[in-house]
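Here is how the chains run, residue by residue.
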Amino acid sequence: MAEPGKGRAAAPAGKGLSAEQVVSRFNRLRQDQRGLASKAAELELELNEHTLVIETLREVDPTRKCFRMVGGVLVERTVKEVLPALESNREQISKLIEALAQQLQAKGRELSEFRERHNIRLVGEDDPKSAPRDGPEGGKGGPGGVLVS
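How each quantity is defined
Residues numbered from 1 in each chain as written. Predicted model: local features only at pLDDT ≥ 70, side-chain atom pairs only at ≥ 80, totals over all residues. Heavy atoms only, no water. Helix = DSSP H or I, 4+ residues; strand = E, 2+ residues; numbered from the N terminus. Contact = heavy atoms within 4.5 Å. Salt bridge = Lys/Arg side-chain N within 4 Å of Asp/Glu carboxyl O. Buried < 20%, exposed > 50% of the residue type's maximum accessible area, 1.4 Å probe, protein only.

(A) Main features of the environment of Arg34. As for its placement among the helices and strands, Arg34 is situated in helix α2 (residues 19–58). Along the chain, Arg34 and Leu104 lie 70 residues apart, while their C-alpha atoms are 8.8 Å from each other.

In structure tokens:
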């Protein structure tokens, strides 16, 4: 039982990881990055939807009744009751998108640092730094690095 915790402690330090562990962690980081990008895109669509509805509702009579889905239940309200709630939701979604963008940038930096630290190259990617590594400093990154498909 102590070994999984020990493995986790070694993973952030980057020491003593086998090639399989490096590839696994790299793929997990890429998957996390894709998940963040996917969620940000989903929220962008939702933000556009909110904006469209808000623009439409601003042009109608405030006393006109409209329907809104709240927790899976369709409720009847007036435009003047729904509009402030939609605008508030739009602001919250905007803030969430900004936070996700920052997380995405941080994850990208973490992924780049991990790639550099473990000399990871992707299949089909040329390595412009390979020529200088043949010199006296070539042993720093390890004998061969890791190739990830």
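(B) Representation of the side chain of Lys107 within the structure. The residue Lys107 is located in helix α3 (residues 79–117) in this model. Beyond its immediate sequence surroundings of up to four residues, Lys107 is in contact with Leu29, Asp32, Gln33 and Leu36.

(C) Looking closely at the pattern of salt bridges. Scanning the model with the defined rule gives six salt bridges in all. Residues Glu110 and Arg25 are paired through a salt bridge, measuring 3.6 Å at the closest nitrogen-oxygen approach. On the criterion of sequence distance, the pair formed by Glu110 in helix α3 and Arg25 in helix α2 is long-range, its members being 85 residues apart. A relative accessible area of 29% places Glu110 in the partly exposed class. Accessibility expressed as a relative area gives 16% for Arg25, which makes it buried. Taking the shortest distance from any N to any O, the salt bridge between Asp32 and Lys107 comes out at 3.6 Å. With Asp32 in helix α2 and Lys107 in helix α3, this residue pair connects regions lying 75 residues apart in the sequence. On the basis of relative accessibility, which here comes to 34%, the residue Asp32 falls in the partly exposed class.

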